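Coordinates in review
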Number of protein chains: 2
Amino acid sequence: MTRVYMPDVAAGATRVEVRGDEAHHLSRVVRARVGDVVGLFDGRGREWRARVDEVTKQSVVVTLGEDVPAVVEPSVQVTLAIGVLKGDQMDSVVRDATVMGVSAIVPIATDHVTVPARAWRDDGAAARWHRVAVAAAKQCQRAVVPRMSAVVPFAEVWTAPRAALVLACVEPGALGVTPGSAWQTIARPASVLLLVGPEGGWSDPEVAQIGAHGGHAVSLGPRTLRAELVPAVAMATLWSTWGWT
Amino acid sequence: MTRVYMPDVAAGATRVEVRGDEAHHLSRVVRARVGDVVGLFDGRGREWRARVDEVTKQSVVVTLGEDVPAVVEPSVQVTLAIGVLKGDQMDSVVRDATVMGVSAIVPIATDHVTVPARAWRDDGAAARWHRVAVAAAKQCQRAVVPRMSAVVPFAEVWTAPRAALVLACVEPGALGVTPGSAWQTIARPASVLLLVGPEGGWSDPEVAQIGAHGGHAVSLGPRTLRAELVPAVAMATLWSTWGWT
């Protein structure tokens, strides 16, 4: 069933006007017609069956039917903070992280980020990543779209509400960490801040900051992973340790 | 350090002539000069320091020095058998699987494969995937290049030497499998055959075959993963369960 993302569904609404990209997709790509039934989700975990009532050039009006039980969300809220990678790699990270169940994504400007700031300084980058997250949520059947922030300096990750557990992925052999170390003995926390460096890894001052905030270094095996692959592998490791649902 | 793949190092050899793609890469891309030191690995787990002695248009001659301790290989031999995906997705699978430590990759023609046979019927496809595996091994510091087979019909995966454990990844909810089910209580086996379907999943006869061969269905959580992402997530789950080294 076609799934439509509609972030602003008023409480108790029965008739919803879909506009913009989603309306265009529905009317032009999917070629929805009056009477078709679609799924409509609000990106915060609610999903309905909805019937198409009206299709115009600018909008599609649907009537909400019964709630659809949404795909279950992880019991651990994971915020992924990742050093900015170049365009297609960052898209891939956002897509994989969404599919793997993160709650929020914070791209960070770290000392070893090599992508020039002009590539992400304006709002366009965050808007683009949000669209990638929406598309990924649609495809994986998730009813939640991770919160996507603009790029922030690394030091600002500590200003957000404190996660119960801070994990920082490090390269094989770095900091003397062995795979399957201390953090895996920690009972399932309510929330995790998962830190992933850019291709160049963490600088010494960043490692010191992570330590000062009680972060645990995590190794994902003896081989060197591309930064792009790290979030999916780290998330699989978390769910494998604490349960997938 | 630049790493050079050289599959045919004779026992006891001290002087090795590198030819073909690797020689071209060394002389033209890396611009190696006489006296430079490189790493040379045979794709089967051995690695040496080697000194460049001669650079010509066609070849680079090196003298092998001491053995370099290779990155430790997993204690479980995993063969990944995966339904053929389209070009760039299959490259991505081969790259990720290499980095995640598989021993062999067998692309399979299953009932729901949609890639036309002309795309993979000749030897070109397997040769290409082998090159992707070599490049991935270089980058991740691995000294083993997974054995890459040509595409075989699904039924032929059972003709290979029998793996101690057969795992088949299935979509959320399929076959009534819940994540973290029976296979995770199995002690670390010597070898695993990991079966991953194409985008369309397994056909009923294939599911029956898997069952007849004692295969366990594996679920990787409640969200629907793209087939391309499944191998990395499945491998992370295996290592997280049985240990990364």
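Fair warning: this is a prediction, and the values are worked out from it, not measured in the lab.

Here's the deal with the sheet that holds strand E5 (residues 59-67) of chain A
Residues and elements named next belong to chain A. Strand order in the open sheet made by the 5 strands is E1-E3-E4-E5-E2, with mixed pairing throughout. Each end of this open sheet is capped by a strand with a single partner; those strands are strand E1 (3-5) and strand E2 (15-19). Neighbouring strand axes in the sheet, compared pairwise and without regard to direction, differ in orientation by 45° on average. Of the strand pairs in this sheet, strand E4 (residues 47-55) and E5 are connected by 6 bridges, and their pairing is antiparallel. Bridging from a neighbouring strand, Glu54 pairs with Val61 of E5. Those strands touched by helix H1 (residues 20-29) are E1, E2, E4 and E5, and its axis lies near 90° from that of E2.

Description of the relation of the copies chain B and chain A
Placing chain B over chain A gives an RMSD of 0.0 Å and needs a rotation angle of 180°, together with 0.0 Å of translation along the axis. With respect to symmetry, the two chain copies, as superposed, fit the operation of a two-fold axis. A shared binding surface is used by both copies, with 100% of the interface residues of chain B retained as interface residues in chain A.

Remarks on the environment of Thr56(A)
Residues and elements named next belong to chain A. By the secondary structure assignment, Thr56 is in the loop between E4 and E5. Thr56 gets classed as exposed once you count the C-beta atoms within 10 Å, which come to 10. Measuring from C-alpha to C-alpha, the distance between Thr56 and Ala10 comes to 22 Å, with 46 residues separating the pair along the chain.

Focus on unusual backbone geometry
Positive phi is not limited to glycine here, since Gln141(A) has a value of about 75°. Along the chain, the position of Gln141(A) falls in the loop between helix H3 (123-140) and strand E8 (147-148). When the 20 C-beta atoms within 10 Å are taken as the criterion, Gln141(A) is described as buried. Phi is positive for Arg31(B), which is not a glycine, with a value near 55°.

Examining the environment of Pro74(B)
Residues and elements named next belong to chain B. Of note, Pro74 is situated in the loop between strand E5 (59-67) and strand E6 (77-83). Taking the C-alpha atoms as reference, Pro74 lies 15 Å from Leu194; in sequence the two are 120 residues apart. With residues near it in sequence (within four places) discarded, Pro74 still touches Gly101, Trp239 and Thr245.

Details of the confidence of the model for chain A
Looking at chain A as a whole, its pLDDT mean stands at 94, while 100% of the residues score no less than 70. Interface confidence in the predicted complex, given as ipTM, is 0.94; pTM for the same model is 0.95.

A short note on the interface of chain B and chain A
Across the boundary between the two partners, chain B contributes 27 residues, which contact 27 residues of chain A. Elements supplying a minimum of two residues to the side of chain B that touches chain A: helix H2 (87-99), helix H3 (123-140) and helix H5 (230-242) of chain B. Here the element with the most residues in the side of chain B that touches chain A is H5(B); it accounts for 7 residues. Broken down by class, the residue content of the side of chain B that touches chain A amounts to 13 nonpolar, 11 polar and 3 charged.

Quick notes on the rules
- Residues numbered from 1 in each chain as written.
- Chains lettered and ligands numbered in written order.
- Predicted model: local features only at pLDDT ≥ 70, side-chain atom pairs only at ≥ 80, totals over all residues.
- Pairing = 2+ DSSP bridges.
- Helix = DSSP H or I, 4+ residues; strand = E, 2+ residues; numbered from the N terminus.
- Axes fitted to C-alpha atoms, helices over the stretch in contact; angles between N-to-C directions.
- Contact = placed C-beta atoms within 7 Å.
- Least-squares fit on C-alpha atoms with pLDDT ≥ 70 in both.
- Buried ≥ 20, exposed ≤ 12 C-beta atoms within 10 Å, placed from the backbone.
- pLDDT = per-residue confidence, 0-100.
- Nonpolar A, V, L, I, M, F, W, Y, C, P; charged D, E, K, R; others polar.

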